[in-house]
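Chain residues, written in single-letter form:
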Amino acid sequence: MDKSWIFIKNRTLPQYLNGVEQFLTFAFSNPNVGVRIQCPCIKCNNVLWKTREEVKTDLLRRGIDSTYDRWIYHGESDSSSDDGTNASVHSDIGNDDASTFEMLHDLYRGIPTDSHEFDENNESSCEDPNAEAKIFYRLLKDAEQKLYPDCEKFSKLSFVMRLFQMKCLHGWSNTSFDSLLKLLSDVLPKGNVLPNSIYEVQKIIKGLGLDYVKIDACVNNCILYRKEYANLEQCPKCGEKRWMLTHWHGKIFDEKYPNFALDPRNVRFGLASDGFNPFGSMSNAYSMWPVILIPYNLPPWLCMKQSNLLLSLLIPGPKSPGMDIDVYLQPLVDDLKILWESGIETYDAFMKQNFFLRASLLWTINDFPAYGILSGWSTKGKLACPICHIHTCSIYLKHGRKQCYMGHRRFLEINHPYRRNKSSFDNTKEERLAPQALSGDDVLAQLNTSSIVLVDGNTKKRKRDAIRYDNWKKKSIFFELPYWRTLLLRHNLDVMHIEKNISESVIGTLLDIEGKTKDTLKSRLDLQEMKIKKPLHPIKSGNKYILPPASYTMSKTEKIQFCQLIKEVKFPDAYASNISRCVNVKEARIFGLKSHDHHVFFQRIFPLIIKGILPKDAYDPLVELSLFFSDLCAKELHAEKFLRTLKGYVRNKARPEGSIAEGYLAEECMTFCSKYLTDMETKQNRLDRNFDSSNIEPNGLSIFNRRGKPLVGGTWINLRTHEINQAHFYILQNCEEVRPWME
């Protein structure tokens, strides 16, 4: 049968028209065919069932799928093709690939498996399926198609999914994955349907969640080109062109909202965002802002796992959006409104029923600069404290040229001894009460207050003349959420950032590291200006100043001893990075510590090391500070750092945002798929890197029945007498075999 017409582009030619009639005659000559057949046009793709006239219309209007040259859905047998090796070989779903079908049905629950069932139950079934159904039928087709004609193990979808799982698990680059696909295509038997590029693979598994929306933004951060601005060619606010020649791409809450709290399936989110450099090079100034949602419905040991962190937005660099971040948060806030007001229809696999899932945003978690960007209260200047707001107590340091905040004793209990201690602070007693934090209604009231000044004796309501007596720079977009103003705690500070900053300052001051120490000539002159800490005032000698040593000042020998002790510290596996690499003993310097390194250092190492070096009056407050952070932090440490993971996704340094979006979605997609892949290593089932072998020794005592695996090469030693006695006692106390002899 001549099938050359399927490759003709001009569908008005007689050859094409005759070919269509030939195909229809062949398809409807099958005695098992009714009034409808599967339409092979490019859009229907052998999924929808249509009448002869409907199929003819589609083939003339859209064209036939040129890869469909073996008409197996229309009566032609698998072996009837001339070459006998066509890729479109339909399987009977009886191969060893049940997990793939289970995954598809869980992912697209409610869509009929067979499009013919859809046809029989609905008289208007000639209508096109919705977009979700089309994706499902395309995936189902790939799941039914054998990898090659005689393959009994894998379908096209299951093999591609397993390959992509390995790529994500082992961090293969796109280039290496392309090379592997080409090699496998050449190695597999003739007629295989394995894609030969990562582009084709991503097209196949796009329906599993590997997709994202790219929204254009004004170059001046004015608007996003969406909704009413979707079709504009330039910004309506600043007039900048859209296209450029070069691309730049508890409880109180539950009481207030009982209907939301009634259903435990409703989700509570936390939102975290911070700027980071995706290139890992501080010489390249670049600030990219991921916006991450953390679902709090999961147990504490799961909600901060990387697989459960939701990258909802990725705001591109190279500059920080600053106070204009609300422009980029609009899509997320719109989704949060829908999730709060109406919810989205979701399937409950445990109850086996559909329900409308709702969600709320509880708070944000940031470092201090990001706190200001998201809340709208500027964290700079004399009113920098968002808790004290207009009652912030600050003074300007003349020599250091920065603000100093001294009113922290107001937050202590009224009878706390520090309130009466003048010499340790600013030579004053503190008798004031702590200021009241602003509620959501208070914030809105302040933001809605207009400030008017007199210009030439007249009242002018001009924006450029308005002055504020607070630090509000904007009204946060989160106030668009109906419940946001009622929250008691809207923004949180990330303790890890604060701990890192304090640890850096303490280390820099103790070791007198240039640029890091807080004990400088300017700070000593400011002490003198404030008339406090007289023993630390600088002594002028000619044209120079001599700084008297403080109790925390260490000699060169003590600094070297301090660094040497840090360099020799050993940690349990995966507890911390190799901090010894960040220590230069000879120069008495510590450098390059990450946030988690400071976390471990300041809480675990620092108090032990300084006890033998610093005097008691310097040692005691530093240890108390370390214990304070220990109390704040969780009991279990997680070495996993999400921003470091995002940096690892950057393969194309010219397009870091695209690389991160692709990498994150690939990981998210494969995290879902891995729950169904029990016959290969995935992130769900891979063993810990120090997992001892599960091989059980056939002989020997039960407490020693598993063969251990050393972390490094070992040596044989002879136990001392007391060690032998300890081992003997342990066996007597814990071994089941000797228990009868002990009774």
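Caption draft 1: Representation of the overall build of the protein within the structure. Assigned secondary structure in the protein consists of 23 helices and 17 strands. When burial is assessed residue by residue, the protein has 40% of its 743 residues classed as buried. Carbon and sulfur atoms provide 54% of the accessible area of the protein, an area that totals close to 43600 Å².

Caption draft 2: A look at the pattern of salt bridges. Applying the stated criterion across every chain, the model contains 22 salt bridges. Here Arg 52 ties to Glu 21 by a salt bridge, and the two come within 3.6 Å at their closest N and O atoms. With a gap of 31 residues between them, Arg 52 in helix H2 (residues 52–61) and Glu 21 in helix H1 (residues 14–28) connect regions that are remote in the sequence. With relative accessibility at 29%, the residue Arg 52 sits in the partly exposed group. The partner of Arg 226 in a salt bridge is Asp 334, and the shortest N-O contact between them spans 2.7 Å. Per residue, the accessibility class of Arg 226 equals that of Asp 334, and both read buried. Taken together, the salt bridges that share partners define one network made up of Lys 50, Asp 58, Arg 61 and Arg 62.

Caption draft 3: Examining helix H16 (residues 521–530) more closely. Every buried residue of H16 is listed here: Arg 524, Leu 525, Asp 526 and Leu 527. Once H16 finishes, Lys 531 follows within two positions and takes phi at roughly 60°, a positive value.

Caption draft 4: Spotlight on the environment of Arg 268. Turning to its location among the elements, Arg 268 is positioned in strand E3 (residues 267–273). Placed 29 residues apart in sequence, Arg 268 and Asn 297 show a C-alpha to C-alpha distance of 6.3 Å. Those residues in contact with Arg 268 that lie beyond four places of it in its chain are Asp 254, Phe 260, Ala 261, Ile 294, Pro 295, Tyr 296, Asn 297, Ser 360 and Leu 362.

Caption draft 5: View of the sheet that holds strand E4 (residues 289–295). Overall, mixed pairing links the five strands, which are arranged E5-E4-E3-E8-E13 in an open sheet. Taken across any chain shown, the strands that pair with only one partner, and hence form the sheet edges, are strand E5 (310–315) and strand E13 (491–493). The sheet shows a mean angle of 25° between the axes of neighbouring strands, direction not considered. In the sheet, strand E8 (residues 359–366) pairs with E13 via three bridges, with the strands oriented parallel. The residue of E13 that forms the bridge with Thr 364 is His 491. Packing against the sheet, helix H12 (residues 325–341) makes contact with E3, E4, E5 and E8, and its axis sits at approximately 150° to E5.

Caption draft 6: Examining the packing of aromatic side chains more closely. What the rule picks out here adds up to 25 aromatic pairs. Relative to Trp 71, the ring of Phe 26 has its centre 5.8 Å away and its plane inclined at 50°; by these criteria the two rings are tilted. In this pair, Phe 26 sits in helix H1 while Trp 71 sits in the loop between H2 and helix H3 (98–107), placing the two residues 45 residues apart along the sequence. Between Phe 601 and Phe 606, the aromatic rings sit 5.8 Å apart at their centres with planes inclined by 50°, giving tilted as the arrangement. One aromatic cluster is present, formed by Phe 562, Phe 601, Phe 602, Phe 606, Phe 628 and Phe 629 through successive ring pairs. The cationic tip of Lys 3 hangs over the ring face of Trp 71; the distance from NZ or CZ to the ring centre is 4.7 Å. The ring of Phe 164 carries Lys 167 above its face, with NZ or CZ at 5.7 Å from the centroid.

Caption draft 7: Just the pairing of strand E7 (residues 353–357), in detail. Relative to E7, strand E6 (residues 344–348) runs antiparallel, the two being bridged by five bridges. When the bridges of E7 are listed, Glu 345 appears paired with Phe 356. Between the antiparallel neighbours E6 and E7 lie four residues, among them Lys 352 with a positive phi of about 55°.

Caption draft 8: Focus on the side chain of Thr 364. In this structure, Thr 364 sits in strand E8. Side chain to side chain, Thr 364 and His 491 meet in a polar contact 2.8 Å long.

Caption draft 9: Examining the environment of Lys 522 more closely. Here Lys 522 lies in helix H16. Separated by 124 residues in the primary sequence, Lys 522 and Lys 398 place their C-alpha atoms 8.8 Å from one another. For Lys 522, the contacting residues outside a window of four places in its chain are His 399 and Gly 400.

Caption draft 10: Broad picture of the state of the cysteines. In total, this model carries zero disulfides according to the counting rule given. Left unpaired, Cys 393 is separated from the closest cysteine sulfur, that of Cys 388, by 8.4 Å.

Caption draft 11: Broad picture of H1. The end-to-end C-alpha separation of H1 is 21 Å, in line with the 21 Å expected for 15 residues at 1.5 Å each. The set of residues buried in H1 consists of Tyr 16, Gly 19, Val 20, Phe 23, Leu 24 and Ala 27. Down the axis of H1, the buried side of the element spans an arc of 135°, and every buried residue falls inside it. With respect to the buried face of H1, the exposed residues turned more than 90 degrees away are Pro 14 and Asn 18. Turning to H1, the residues buried within the fold contact strand E1 (37–38) and H2.

Caption draft 12: View of the packing of helix H17 (residues 556–567) against helix H18 (residues 595–610). It is at 10 Å that the axes of H17 and H18 come closest, and there the two elements cross at 130°. As far as their axial angle goes, H18 and H17 are oblique. Where H17 crosses over H18, the handedness of that crossing is right-handed. Residue-level inspection shows Phe 562, Leu 565 and Ile 566 of H17 in contact with H18, the latter providing Phe 601, Phe 606, Ile 609 and Ile 610. Counted by class, the contact of H17 with H18 contains seven nonpolar, no polar and no charged residues.

Caption draft 13: Just the side chain of His 491, in detail. Mapped onto the fold, His 491 is located in strand E13. Exposure remark for His 491: the relative accessible area of 10% places this residue in the buried category. If near-sequence neighbours (up to four positions away) are discounted, His 491 is found in contact with Trp 363, Thr 364, Tyr 371, Leu 374, Ser 375 and Trp 484.

Caption draft 14: Geometry of the packing of helix H15 (residues 495–510) against H18. The N-to-C vectors of H15 and H18 enclose an angle of 65°; their axes lie 9 Å apart at closest approach. Crossing geometry of H15 relative to H18 is assigned as left-handed. Note on element contacts: H18 touches H15 through Ser 595, His 596, His 598, His 599, Phe 601, Phe 602, Gln 603 and Phe 606, opposite Met 496, Glu 499, Lys 500, Ile 502, Ser 503, Glu 504, Val 506, Ile 507 and Leu 510. Considered class by class, the residues forming the contact of H15 with H18 number eight nonpolar, six polar and three charged.

Reading the values: rules and limits
Residues numbered from 1 in each chain as written. Predicted model: local features only at pLDDT ≥ 70, side-chain atom pairs only at ≥ 80, totals over all residues. Heavy atoms only, no water. Helix = DSSP H or I, 4+ residues; strand = E, 2+ residues; numbered from the N terminus. Buried < 20%, exposed > 50% of the residue type's maximum accessible area, 1.4 Å probe, protein only. Areas by Shrake-Rupley, 256 points an atom, 1.4 Å probe, with all protein chains shown as cover. Salt bridge = Lys/Arg side-chain N within 4 Å of Asp/Glu carboxyl O. Contact = heavy atoms within 4.5 Å. Pairing = 2+ DSSP bridges. Axes fitted to C-alpha atoms, helices over the stretch in contact; angles between N-to-C directions. Phe/Tyr/Trp six-rings, centres within 6.5 Å; stacked < 30°, edge-to-face > 60°. Lys NZ or Arg CZ within 6 Å of the ring centre and 35° of its normal. Polar contact = N/O pair within 3.5 Å; in protein donor to acceptor, adjacent residues only side chain to side chain. Disulfide = S-S within 2.5 Å. Expected span 1.5 Å × (residues − 1). Arc of directions from axis to C-beta. Parallel < 35°, antiparallel > 145°, perpendicular 65-115°, else oblique. Left-handed = near helix turned anticlockwise from the far one by under 90°. Nonpolar A, V, L, I, M, F, W, Y, C, P; charged D, E, K, R; others polar.

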